[in-house]
Amino acid sequence: NALYQTLKPYLLAEHQYELTVKPATRSSDANARLHAMLTDVAKQVEWSGMKRGVDTWKRLMTASWLRATNEQVEILPAVDGHGVDVIYEKTSRMTSAQVSSLMEYIECWGAENGVRFSAPEFQQETTS
């Protein structure tokens, strides 16, 4: 009702609007925690013979989490003809529930691989 009351004058003036309703994406707190976790992994773990950066770990963890949850990961030939590229949804477009699940996956993987996390416990977001 409040939304309608706000838009009513514009609608009566024949302005057109498009309303999209979708699950909320990750919060800034969840984003900070995710990046803190990935930083911990990047500082503590070597992968394929060397330390990897946070962005590489984000891609590795996201692709692995997607496979573990039976979601879509697409491996395509590189457009320049050299190797392959892994294509998946960016974490910035994930819902709060997806990011929470990804962080849980990273925590489990980290526990199995000796990672000590410094990030505070993630507080579940509440919606009004």
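Preceding this paragraph is the structure being described.
Rules used throughout
Sequence order as written defines the numbering, with residues in each chain counted from 1. Where local features are concerned, this predicted model is filtered to residues with pLDDT of at least 70; where side-chain atom pairs are given and counted, the filter is 80 or more; whole-chain, interface and lining totals use all residues. Side-chain metrics rest on all non-hydrogen atoms present in the structure, leaving aside hydrogens and water. Whenever a helix is involved, its axis is fitted only over the stretch in contact; in every case the axis is a line through C-alpha atoms, and angles between N-to-C directions fall within 0 to 180 degrees. The secondary structure listing takes helices from DSSP runs of H or I that are at least 4 residues long and strands from runs of E that are at least 2 residues long, numbered from the N terminus. Each angle is binned into one of four classes, with values under 35 degrees roughly parallel, values over 145 roughly antiparallel, values of 65 to 115 roughly perpendicular, and all other values oblique. Definitions for this section: a left-handed crossing has its near helix turned counterclockwise from the far helix by less than a right angle. A right-handed crossing has that turn clockwise. Note on definitions: a residue-residue contact is assigned when non-hydrogen atoms from the two residues lie within 4.5 Å. Amino acid classes used here: Ala, Val, Leu, Ile, Met, Phe, Trp, Tyr, Cys and Pro are nonpolar; Asp, Glu, Lys and Arg are charged; the rest, including Gly, are polar. A pair of strands is considered paired only if DSSP assigns at least 2 bridges between the two.

A.B. asks: It is not clear to me how the packing of helix H2 (residues 28-44) against helix H4 (residues 96-112) should be interpreted in this structure. Could you clarify?
C.D. replies: How two helices pack is summed up by the angle between their axes together with the distance between the axes. Running from N to C, H2 and H4 point in directions that differ by 20°, and their axes come no closer than 11 Å. In this view, H2 runs roughly parallel relative to H4, as classed from their interaxial angle. With respect to the hand of their crossing, H2 and H4 are arranged in left-handed fashion. Along the contact surface, H2 presents Ala-30, Arg-33, Leu-34, Met-37, Leu-38 and Val-41, while H4 presents Val-99, Leu-102, Met-103, Ile-106, Glu-107 and Trp-109. Tallied by class, residues from the contact of H2 with H4 come to 10 nonpolar, no polar and two charged.

A.B. asks: Even after reading the chapter, I still don't get the pairing of strand S4 (residues 84-87), so can you show me in this structure?
C.D. replies: The side chains of a regular strand alternate between the sheet's two faces. Taken together, the four bridges between strand S3 (residues 74-77) and S4 define a ladder with antiparallel strand orientation. Directly across from Leu-76, in S4, lies its bridge partner Asp-85. Taking the residues between adjacent antiparallel strands as the criterion, S3 and S4 are bridged by six residues, where Gly-81 takes a positive phi near 80°.

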